[in-house]
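Chains, contacts and geometry: an overview
Listed below are the residues making up each chain.
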Amino acid sequence: MSYVTLLVLLTTSLLGATAGMLGCFAILRGRALVGDVLAHAALPGICLAFLIVRSRDLSAFLTGALIAGIAAVALMALIRKLLPTKDDAVLGIVLSVFFGLGVMLLSVIQKLPEGGNRAGLTHFLFGQAAAISRNDLLLVFALSLVATGAIILLYKELVVASFDPTFARVQGWPVGLVDLALFSLVALVTMLGLAVVGVVLMAALLIMPSAAARFWTDRLDRMLLVAGGFGACAAVMGTASSAGWVPVLWGSPGEKLRLPTGPMIILSGAALFLGSMLFAPRKGVVSRAARLLTLRFRAALDHLLRELYEQTESALPQLAFQSSEQVRTRLGWTKIWMWMLTRYAWQRGWIRIENGQLGLLPSGLHRALQVVRAHRLWELFLLEKAGIASDHVHRDADAMEHLLPPEYVAQLEVQLAVPERLTQSGTSVPYSLH
């Protein structure tokens, strides 16, 4: 690993981790696009700084960017105060105006003898991580320490201001000062990130790690750690791709894939966000779909056992066979769905399958009794305690019978004096209302 690559790797990792943590509060405060506004608003500040100093001076560029960012924030506050405009419209107005001004100034600078390309101004649009120096690393490291210390010291205030700013104001807390401290840090991170990922992509470095972290936890302290880890990981992945650590699968042997660092960091963050959205244990699309499919399968299995029980209830304790096709027709299922459910129930030893006929086995009868008991107890509860008509309780009980825990079913039995209403089949199942 070369010295330049190590500098880029350390700087982008620290920047990504810091941006990820601060982005959590920006998202929770409903100010996710403030970073985007600050990044775009920085462009005219950088251009004006160049017109003043007429040389490539990074400190002057960052000072101009910071002043322009402060001006953008002040303008947003003024528009909100004077006009009844929603926040998203205010953000769009300020972003468009400042970025348009920046592009105009950039085109003017291109015509000067120094030129925007020589001054390196065009690199602020998409970033140039290769130009990172040791001083940049030290600056980002200092900012990371300041941001982490501020989060630790103001953690309670930031939490309350993020989740319930009205309550914080009622308690007399300086919500405005807390927001000022938070977005000052966001502004500093944004300005430093311009040299790495540029104006266009900086907002993504603030938003994507924190947005991905929300899929993994509901606790803010854990979300901060996960978002910081995702930001650092995206930086490492993007830098690795840019440094040629990823071999090309096509072309000549030994050829390396070398791509710009800033866009690769953002694409790596997008990959982490997509992976989180799909595969997070509780909130991921795949895991949620699996839970819903499992619940649907379990509910359908209970309906099958209840149907087999109710059709032979009058003949108990004998367990009679029924036509599989007739059961499928009454339940309204497809043949494939019916085959899957009956196959599973047969493998569990709950039913018998002989010549297209289905019959309950003792273990299946035991489970069917639990389902029917919960179903009919809930019907009685809705009828007598909730005052719902008898022709409306069956559908509601269909949904609830799978969710009632055994202790709750026992409480319902006590409240409804069920022993006085049991069927004559020798089971603990109440009589049917239908």
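Details of the structure are given in the entry above.
Note that the structure is predicted; figures quoted are calculated from it, not measured.

So, how was this worked out
- Residues numbered from 1 in each chain as written.
- Predicted model: local features only at pLDDT ≥ 70, side-chain atom pairs only at ≥ 80, totals over all residues.
- Heavy atoms only, no water.
- Axes fitted to C-alpha atoms, helices over the stretch in contact; angles between N-to-C directions.
- Helix = DSSP H or I, 4+ residues; strand = E, 2+ residues; numbered from the N terminus.
- Parallel < 35°, antiparallel > 145°, perpendicular 65-115°, else oblique.
- Left-handed = near helix turned anticlockwise from the far one by under 90°.
- Contact = heavy atoms within 4.5 Å.
- Nonpolar A, V, L, I, M, F, W, Y, C, P; charged D, E, K, R; others polar.
- Phe/Tyr/Trp six-rings, centres within 6.5 Å; stacked < 30°, edge-to-face > 60°.
- Buried < 20%, exposed > 50% of the residue type's maximum accessible area, 1.4 Å probe, protein only.
- Patch = residues over 30% accessible without salt bridge, like charges linked within 9 Å, V, L, I, M, F, W, Y side chains within 5 Å.
- Areas by Shrake-Rupley, 256 points an atom, 1.4 Å probe, with all protein chains shown as cover.
- Salt bridge = Lys/Arg side-chain N within 4 Å of Asp/Glu carboxyl O.
- 1 Å grid on protein atoms, 1.4 Å probe; cavity = no way out; pocket = protein on both sides within 12 Å on 5 of 7 lines; lining within 4 Å.
- Points joined across faces, edges and corners; volume = space filled by probe spheres on them.
- Pairing = 2+ DSSP bridges.

Moving on to the packing of helix α1 (residues 3-28) against helix α7 (residues 134-153). At a minimum axis distance of 9 Å, the contact between α1 and α7 shows a crossing angle of 25°. Our classification of the angle between α1 and α7 gives roughly parallel. In this structure, the crossing between α1 and α7 has a hand that is left-handed. The segment α1 lies against α7, with Y3, L7, L10, T11, L14, L15, T18, M21, L22 and F25 engaging R134, D136, L137, V140, F141, S144, A147, T148 and I151. Split by residue class, the contact of α1 with α7 holds 13 nonpolar, four polar and two charged.

For the rest of this paragraph, the subject is the packing of aromatic side chains. A full pass over the atoms with the stated rule returns six aromatic pairs. Ring geometry for F297 against W337: centres 5.8 Å apart, planes inclined by 90°, an arrangement best described as edge-to-face. Separated by 40 residues along the polypeptide, F297 in helix α13 (residues 285-311) and W337 in helix α15 (residues 335-347) bring together distant segments of the chain. Judged by relative accessible area, F297 falls into the buried class, the value being 18%. Judged by its relative accessible area of 13%, W337 is buried. An aromatic cluster is defined as three or more aromatic residues linked by ring pairs; in this entry it consists of F297, W337, Y344 and W350.

For the rest of this paragraph, the subject is a nonpolar patch on the surface. A cluster of nonpolar side chains, contributed by L78, L82 and L83, occupies part of the molecular surface with about 300 Å² of accessible area. By the secondary structure assignment, L82 is in helix α3 (residues 58-82).

The next point concerns the layout of surface pockets. The calculated volume of the largest pocket comes to roughly 450 Å³. Contributing elements (two or more residues each) for the lining of the largest pocket: α2 (34-53), α3 and α10 (175-213). In terms of residue count, α3 provides more of the lining of the largest pocket than any other element does, eight residues in total. Considered class by class, the residues forming the lining of the largest pocket number 12 nonpolar, three polar and five charged. Computed from the structure, the second largest pocket encloses a volume of approximately 300 Å³. Along the walls of the second largest pocket sit 13 residues, with Q370, V371, A374, L404 and P406 positioned nearest its centre.

Glancing now at the sheet that holds strand β2 (residues 351-354). Pairing between the strands of a sheet comes from backbone hydrogen bonds, and it takes one of two forms, parallel or antiparallel. Spatially, the three strands line up as an open sheet ordered β1-β3-β2, and their pairing is antiparallel. In this open sheet, the two edge strands, each paired with only one partner strand, are β1 (322-323) and β2. Packing of α15 onto the sheet brings it into contact with β2 and β3 (357-360), and relative to β2 it is tilted by some 120°.

To continue, consider the pattern of salt bridges. Per the counting criterion, the structure on display carries 11 salt bridges. Linking R306 and E310 is a salt bridge whose minimum nitrogen-to-oxygen distance equals 3.7 Å. Here the residue R306 and the residue E310 both occupy positions in helix α13, the gap between them amounting to four residues, near one helical turn. In this structure, the salt-bridge partner of E307 is R330, at a minimum N-O distance of 2.4 Å. In this pair, E307 sits in helix α13 while R330 sits in helix α14 (residues 324-331), placing the two residues 23 residues apart along the sequence. Residue classification places E307 among the buried positions, given a relative accessible area of 12%. Counted as one network, the salt bridges with shared partners bring together R306, E310, R376, D398 and E401.

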